[in-house]
Amino acid sequence: FIAVKNEPTIEVVRALAAKGCGGAVIYAAGFAETGNTELQRKLLEAANGMPLMGPNCYGFVNTLSRAALWPDETGLEPVERGVALITQSGNIACNFTMMMRGLPVAAVFSIGNQVDVGMHDMVETLSADPRISAIGLHVEGLPDVPAFARAAALARERKVPIVALKTGRSEQGAKVAMSHTSSLAGADTLYDALFDRLGIIRVNSPSQLLETVKFLCVAGVPKGRRLAGLTCSGGGATMLADYAERLNLTFTPPDAGTASQLRAQLPSTATVSNPLDYTTPIWGIPEKTRPVFDTLFAQGHDAAVIVQDYPAPGLDESKPYYRNDTLSFIAAAAVQNLPAAVCSTIPENLDEETRGFLVAQGVAPMQGIEECMTAIAAAAWHGERRTEIAGGATLPLAVSETMLPSRLIDEAAAKKRLYAFGITVPDSRIGSGAVAPPPSS
């Protein structure tokens, strides 16, 4: 970890490379992000093949190996398996290490200007590690799109989902990204197309990034979009239904047989539905809730969610009742092998002990109904997209370094090439616009 000013960094790197050092994190700023591309070139030259992370970066925390090349405190705990989070921003990486989300984090990387080790290198290497369950990216710009596409394809083939938060959507945001890490943000619609083609989930906020990788890491990828939902509140059930419709998820209504069983098991005040408000008369009573949960789940679903807002520390006299319903939910979901989530209406209403307990049970502790439902929809989309790509529905990304430098071709030749890649083009013929010369006088 090299923490000296930018110009002395060059000599430190050269000395380390001469000693056979395995790699270095470059903490200093003042390289290409400020227009000093020549100093950045000298940095890479001094490394002479020694891997460099940065410059202008925080480095990394690796909880699998209990190692950190990192200049700050971290709230991360050692894990045996979890997600890898990669960002170009040192401060966002630092924020990731201090989150209170119950997310098993295997590693956090801040890679800065990517003078040498790039995001594509990280994705390719991390997806080959069986201890990495999912990869979360904060992307300001991709300097090498072909290399990134190849790495993302490998991750998809290895069944390691990627979730990306791409910033720089706005014109002003793109300018900030360029000044921050010397990354050209590029047209945002192109990133949408790229991520869709590669099966990468795109999210719009840091919270959604963390909640989505959490669901993928802990619960997994659902086989479809059919959900079973449970609440002990009519308001919670309504919110689940509203988000499901917006996100193209389905709460399958109970069929006649299921509805009949549920009516016999539920209090008379309960309405048979999915999402199901099982009402407070049976709340916290396992011998009454477990049969209800089993009956609803047995109809056939792809994932299950229960809304529970646990009491804050110090107000925990009722916590055993919440935990009883959680245990009934976990057991019923396990019988049907359903990816499962306990979801709080308000993000902070899942305490640390409960989050840890749920993760240990293989159930995702999701914080916020919108975040939870959006994560489930994204995970289902990823599963669908992975299947489509594997089945040949999407042709390989036709981008490589050999295509450069570019040259202009005429319209007819361009349409012919587009057609060869499966893109529909209008029927056309090549004609001539030549005009006969006027007769001589």
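Refer to the structure printed above.
## Regarding the sheet that holds strand β9 (residues 201-203)
Strand order across the open sheet formed by seven strands is β4-β3-β6-β5-β7-β8-β9, with mixed pairing between neighbours. Taken across any chain shown, the strands that pair with only one partner, and hence form the sheet edges, are β4 (67-69) and β9. Shown here is a sheet whose adjacent strand axes are inclined to one another by a mean of 15 degrees, direction ignored. In terms of strand pairing, strand β3 (residues 59-62) meets β4 through three bridges, oriented antiparallel. Bridged to Phe-60 within β4 is Leu-69. Along the sheet face, helix α3 (residues 90-97) touches β5 (82-87), β6 (105-110) and β7 (132-139) and points at about 165 degrees away from the line of β6. Where helix α4 (residues 119-127) meets the sheet, its contacts fall on β5, β6, β7 and β8 (162-166), and the angle it forms with β7 comes to roughly 170 degrees.

## Let's talk about the pattern of salt bridges
Tallied over the entire structure, the rule returns 17 salt bridges. With a shortest N-O distance of 3.3 Å, Glu-45 and Arg-41 are connected by a salt bridge. Remark: Arg-41 and Glu-45 occur in helix α2 (residues 37-47); sequence separation between them is four residues, near one turn of the helix. Judged by its relative accessible area of 51%, Glu-45 falls in the exposed class. As a salt-bridge pair, Asp-196 and Arg-385 come within 3.9 Å of each other at their nearest N and O atoms. In this pair, Asp-196 sits in helix α7 (residues 188-198) while Arg-385 sits in helix α14 (residues 369-390), placing the two residues 189 residues apart along the sequence. Linked through salt bridges whose partners overlap, the residues forming this network are Lys-319, Arg-323, Asp-351 and Glu-353.

## Focus on the environment of Ala-46
Structurally, Ala-46 is set in helix α2. With 181 residues separating them along the chain, Ala-46 and Leu-227 place their C-alpha atoms 56 Å apart. Non-local contacts of Ala-46, meaning those with residues more than four positions away in its chain, are made with Ile-10, Val-13, Arg-14 and Ala-17.

## Some remarks on the packing of helix α11 (residues 286-297) against helix α12 (residues 319-335)
Look at α11 against α12: their axes get within 9 Å of each other, and the N-to-C directions meet at 30 degrees. Crossing handedness for the pair α11 and α12: right-handed. Contacts between α11 and α12 involve Pro-286, Thr-289, Arg-290, Phe-293, Asp-294 and Phe-297 from the first element and Asn-324, Asp-325, Ser-328, Phe-329, Ala-331, Ala-332, Ala-333 and Val-335 from the second. In terms of residue class, the contact of α11 with α12 is built from eight nonpolar, three polar and three charged.

## Let's talk about helix α5 (residues 145-157)
Between its first and last C-alpha, α5 extends 18 Å over 13 residues, near the 18 Å set by a 1.5 Å rise per residue. Within the span of α5, buried status applies to Pro-146, Ala-147, Phe-148, Ala-149, Ala-151, Ala-152, Ala-153, Ala-155 and Arg-156. Buried residues along α5 sit against α4, β7, β8, α7 and α14. Looking one or two residues past α5, Lys-159 carries a phi angle of roughly 60 degrees, positive in sign.

## Comments concerning the pairing of strand β15 (residues 364-367)
Along a regular strand, successive side chains alternate from one face of the sheet to the other. Burial along β15 is two-sided: the face carrying Ala-364 and Met-366 and the face carrying Pro-365 and Gln-367 are both buried. Inspection of the sheet shows strand β14 (residues 340-344) paired to β15 by four bridges, in the parallel sense. Bridge pairing in β15 places Ser-344 opposite Gln-367. Taken together, β14, helix α13 (residues 352-360) and β15 form a β-α-β motif whose crossover is right-handed.

## Observations regarding the packing of aromatic side chains
What the rule picks out here adds up to ten aromatic pairs. Taking 5.4 Å as the distance between ring centres and 40 degrees as the angle between the ring planes, the aromatic pair formed by Phe-1 and Tyr-27 counts as tilted. With a gap of 26 residues between them, Phe-1 in the segment before α1 (6-18) and Tyr-27 in the loop between β1 (24-25) and α2 connect regions that are remote in the sequence. By relative accessible area, Phe-1 is classed as partly exposed at 35%. Ring geometry for Tyr-310 versus Tyr-322: centroids 5.3 Å apart, planes at 35 degrees, classification tilted.

## Here we look at the side chain of Gln-208
Positionally, Gln-208 belongs in helix α8 (residues 206-218). A polar atom in the side chain of Gln-208 sits 3.1 Å from the backbone oxygen of Glu-371. The contact partners of Gln-208, leaving out residues within four places of it in the chain, are Val-203, Glu-370, Glu-371, Thr-374 and Ala-375.

## Regarding the nonpolar core
Core analysis: the biggest nonpolar cluster contains 46 residues, and Val-83, Leu-85, Val-108, Phe-215, Met-366 and Met-373 have the highest contact counts within it. Among the elements that make up this core, the one with the highest residue count is α14 (eight residues). Each residue touching Met-366, except ones within four places of it in the same chain, is listed here: Glu-211, Lys-214, Phe-215, Ala-341, Val-342, Cys-343, Ser-344, Leu-350, Glu-371, Cys-372 and Ala-375. Listed in part, the 34 residues of the second largest apolar core include Ile-132, Leu-142, Ala-164 and Tyr-191.

Cut-offs used in this document
Residues numbered from 1 in each chain as written. Predicted model: local features only at pLDDT ≥ 70, side-chain atom pairs only at ≥ 80, totals over all residues. Heavy atoms only, no water. Pairing = 2+ DSSP bridges. Helix = DSSP H or I, 4+ residues; strand = E, 2+ residues; numbered from the N terminus. Axes fitted to C-alpha atoms, helices over the stretch in contact; angles between N-to-C directions. Contact = heavy atoms within 4.5 Å. Salt bridge = Lys/Arg side-chain N within 4 Å of Asp/Glu carboxyl O. Buried < 20%, exposed > 50% of the residue type's maximum accessible area, 1.4 Å probe, protein only. Left-handed = near helix turned anticlockwise from the far one by under 90°. Nonpolar A, V, L, I, M, F, W, Y, C, P; charged D, E, K, R; others polar. Expected span 1.5 Å × (residues − 1). Right-handed = clockwise from strand over helix to strand, strands pointing away. Phe/Tyr/Trp six-rings, centres within 6.5 Å; stacked < 30°, edge-to-face > 60°. Polar contact = N/O pair within 3.5 Å; in protein donor to acceptor, adjacent residues only side chain to side chain. Core = buried A, V, L, I, M, F, W, Y, C linked by side-chain atoms within 4.5 Å.

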